[in-house]
Protein chains: 2
Amino acid sequence: MSLTMDRRELLKTVSMGAATAFFSGSGEGTVRAEQAAPFKTKMPLNPLPKALVFDTFGSVVDWRGSIIEEGAAWGKAKGLKIDWARFADRWRSGYGPAMDKVRRGELPWTKLDDLHRMLLEDLLKEFEIQRLTEEEKDHWNRVWHRLKPWPDSVPGLSRLKKNYVIAPLSNGNFALLTNMAKHAGLPWDAILSAELARHYKPDRETYLMAAELLGIQPKETMMVAAHVGDLQSARACGLRTGFIYRPLEHGLGGKADKANPGDFDVVARDIFDLASQLGT
Amino acid sequence: MSLTMDRRELLKTVSMGAATAFFSGSGEGTVRAEQAAPFKTKMPLNPLPKALVFDTFGSVVDWRGSIIEEGAAWGKAKGLKIDWARFADRWRSGYGPAMDKVRRGELPWTKLDDLHRMLLEDLLKEFEIQRLTEEEKDHWNRVWHRLKPWPDSVPGLSRLKKNYVIAPLSNGNFALLTNMAKHAGLPWDAILSAELARHYKPDRETYLMAAELLGIQPKETMMVAAHVGDLQSARACGLRTGFIYRPLEHGLGGKADKANPGDFDVVARDIFDLASQLGT
């Protein structure tokens, strides 16, 4: 009997350790078994949030894989040889600096579609893609409206929607997020965009706007993201936080943010796991 | 053969006449058979709009019937005898004047939940409903978040959603509309509220905000409502217009807005008919 118990305990510890390693990665410090507890025992938060707001690029949709896929198909039709992974990464890497220009006032408020277009013009030169019509450029720019969801996103959000108000809270402009939801089948209750606050995340105004428009307190709102910085900024505004792990955001060899159980209110493998931990 | 044709023509004319009378009412002038044509032949608009934005109170949901139903059940439980139809009508009749105070600057921007609450306080006095707790008052005020859809609203919107971006464009605040959609199962792609423009309809800013956020031109946006004034204001801002007939908005004996075919880009019996006329 006592042997059986010990064996069970041992299995439990091994199981928790394995799960924890999944999040913390190897060589990033020793993980204590207790840290895994909230995530294994599915202890519900008390009180539960009323609404969940989601980062989208990378957290809900696979921007990199989607751009590579469209690029490869388009390049083949056009007879162009382009490193589409590099094209996608270069486009995305221009995003932060472009938003910073708005944040510092070097640009007036400019929605993400327009920042993407400015970056696209530079990219087309860099990759020597010539003679595109205005229609083709516009179509390319709207690839961000057509990003594909991670496999768990639509079914996971559908589960969460039964018990929670769910919305994106993204730097994507309102139309981009509306079109993305329609294209990908994301079952949002409402669209929340940085455009509504005219401030890009991580500015406080964006997080606080979400709670204000939903008619709830920041502490009743949970920000969900695969990015530690986004969650830390949301927490500083009084929001609850939920981390979801997206190991493939930057490709197979890429570096994705990780979190240990306890780092945020919920640390989850994916949206299914988030839904389970939130009791849905 | 010529007799058959004549009979067919006759039946067609009678059919059109009957349909037209449904919209124009009796005693409101002679209706020419040609006026019914756009509505019988289902001639599609050219070009079709890209998005449809809907007035909600009265147009998509039955505010009056819903308040009466909740009131009757609550009053029975409380042992109160109240004329709930009058209660509903009095609440609604305070809505326009309260918004006008915001429009004229006598009140700063105040969201509809808060205007409804100010009106409710007066109503409780008028109807001598006493000793409500804060929780009960808040629950009552949120009856506007729980309004029930007309029978065609959910299936009709679901049809339209396949081909168009659909959203409310209502004076209800963002949280009210989000909760209403969740409660009633309204399948909106996004929530558009006067709160996002901080201007109540029929101010121009509200209609123009809808097109701007959806990333389209006003002429690519169709305002849909059961209220002629709302549609006239939307048209003045360059939006397309769609009328839907809601004969029971103000109850069996009440007066509902009517329109003749040709008065607006689409004049429809209900959302099913609107969907058919828009090719879905």
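In what follows, the accompanying structure is described.

1. Quick look at the overall build of chain A
Helices and strands together make up the secondary structure of chain A, namely 13 helices and six strands. For chain A, the residues scored as buried account for 41% of the 280 residues in total.

2. Section: the relation of the copies chain B and chain A
With an RMSD of 0.0 Å, the operation that places chain B on chain A is a rotation of 180° combined with a shift of 0.0 Å along the axis. The symmetry that links the two subunits is that of a two-fold axis. Of the C-alpha atoms belonging to chain B, the one lying closest to the rotation axis is found on Ala190(B), 2.6 Å away. Residue by residue, 100% of the interface of chain B is reproduced at the interface of chain A, so both copies engage with the same surface.

3. Considering the pairing of strand β7 (residues 240-244) of chain B
Residues and elements named next belong to chain B. For β7, the buried fraction is high: five of the five residues fall into the buried class. Neither face of β7 is exposed, since Arg240, Gly242 and Ile244 on one face and Thr241 and Phe243 on the opposite face are all buried. Pairing of strand β6 (residues 221-225) with β7, which is carried by four bridges, proceeds in the parallel orientation. Each residue of the ladder has a partner; that of Val224, found in β7, is Gly242. For the handedness criterion, the β-α-β arrangement of β6, helix α12 (residues 228-236) and β7 is classed as right-handed. Bridge analysis of β7 against strand β8 (residues 266-268) gives three bridges, and the strand direction is parallel.

4. Re the sheet that holds β7(B)
Residue and element names in this part refer to chain B. Taken together, the six strands give an open sheet; going across it, the order is β5-β4-β1-β6-β7-β8, and neighbouring strands pair in parallel fashion. Two strands in the sheet have a free side with no partner beyond their single neighbour: β5 (192-193) and β8. The strands touched by α12 are β6 and β7; relative to β6, the strand with the most contacts, the crossing angle is about 165°.

5. Examining the sheet that holds strand β1 (residues 51-54) of chain A
Residues and elements named next belong to chain A. Spatially, six strands are ordered β3-β2-β1-β4-β5-β6 in an open sheet, and the strand pairing comes out parallel. Every other strand in the sheet has two partners, leaving β3 (192-193) and β6 (266-268) as the edge strands with one partner each. In the sheet, β1 pairs with strand β2 (residues 165-170) via four bridges, with the strands oriented parallel. Across the sheet, Leu52 pairs through a bridge with Ile166, a residue of β2. Across the sheet, helix α12 (residues 228-236) is in contact with β4 (221-225) and β5 (240-244); its angle to β4 comes to roughly 165°.

6. Quick word on the pairing of β4(A)
Moving residue by residue along a regular strand, the side chains alternate between the two faces of the sheet. Residues and elements named next belong to chain A. Of all five residues in β4, five are buried, a share of seventy percent or more. In β4, alternate side chains face the same way, and those of Thr221, Met223 and Ala225 on one face and Met222 and Val224 on the other are all buried. Strand direction decides the pairing type here: β1 and β4, joined by four bridges, are parallel. Among the inter-strand pairings, Phe54 is bridged to a residue of β4, identified as Val224.

7. As for the packing of helix α4 (residues 84-93) of chain A against helix α6 (residues 112-126) of chain A
Residue and element names in this part refer to chain A. Where α4 meets α6, the axes come as close as 10 Å, and the angle between the chain directions of the two elements is 145°. Crossing of α4 against α6: the hand is right-handed. On α6, the residues that touch Phe87, Arg90 and Trp91 of α4 are Leu119, Leu123 and Glu126. Its residues assigned to classes, the contact of α4 with α6 shows four nonpolar, no polar and two charged.

8. Section: unusual backbone geometry
Between Asn46(B) and the following residue, Pro47(B), the backbone shows a cis peptide bond with an omega angle of -5°. Following Lys201(B), the chain continues to Pro202(B) via a peptide bond in cis, the omega torsion being 10°. The topology assignment puts Pro202(B) in the loop between α10 (194-197) and α11 (204-214). The phi dihedral of Glu128(A) is positive, around 50°, even though this residue is not glycine. Its place among the elements puts Glu128(A) in the loop between α6 and α7 (134-141). The exposure class assigned to Glu128(A) is exposed, which follows from the 8 C-beta atoms found within 10 Å. The backbone of Arg131(B) shows a phi angle near 60°, a positive value even though the residue is not glycine. The exposure class of Arg131(B) is exposed, given the 6 C-beta atoms found within 10 Å.

9. Structural notes on the interface of chain B and chain A
Across the boundary between the two partners, chain B contributes 14 residues, which contact 14 residues of chain A. Within the residue set of the side of chain B that touches chain A, elements represented by two or more residues are α9 (174-184) and α11 of chain B. Ranked by the residues each element gives to the side of chain B that touches chain A, the list is headed by α9(B), at five residues. Considered class by class, the residues forming the side of chain B that touches chain A number nine nonpolar, two polar and three charged.

10. Considerations on the environment of Trp144(A)
Residue and element names in this part refer to chain A. Looking at the element boundaries, Trp144 is found in the loop between α7 and α8 (153-161). Along the sequence, Trp144 and Met180 sit 36 residues apart, while their C-alpha atoms lie 7.6 Å from each other. Setting aside residues no more than four positions away along its own chain, Trp144 makes contact with His116, Gly172 and Leu176.

11. Some points on the environment of Thr206(A)
All names here are of chain A. On the secondary structure map, Thr206 appears in helix α11 (residues 204-214). Between the alpha carbons of Thr206 and Ala225 there is a distance of 15 Å; along the sequence they are 19 residues apart. The residues contacting Thr206, other than those within four sequence positions of it, are Ala194, Ala197, His199, Tyr200 and Lys201.

About the cut-offs
- Residues numbered from 1 in each chain as written.
- Chains lettered and ligands numbered in written order.
- Predicted model: local features only at pLDDT ≥ 70, side-chain atom pairs only at ≥ 80, totals over all residues.
- Helix = DSSP H or I, 4+ residues; strand = E, 2+ residues; numbered from the N terminus.
- Buried ≥ 20, exposed ≤ 12 C-beta atoms within 10 Å, placed from the backbone.
- Least-squares fit on C-alpha atoms with pLDDT ≥ 70 in both.
- Contact = placed C-beta atoms within 7 Å.
- Pairing = 2+ DSSP bridges.
- Right-handed = clockwise from strand over helix to strand, strands pointing away.
- Axes fitted to C-alpha atoms, helices over the stretch in contact; angles between N-to-C directions.
- Left-handed = near helix turned anticlockwise from the far one by under 90°.
- Nonpolar A, V, L, I, M, F, W, Y, C, P; charged D, E, K, R; others polar.

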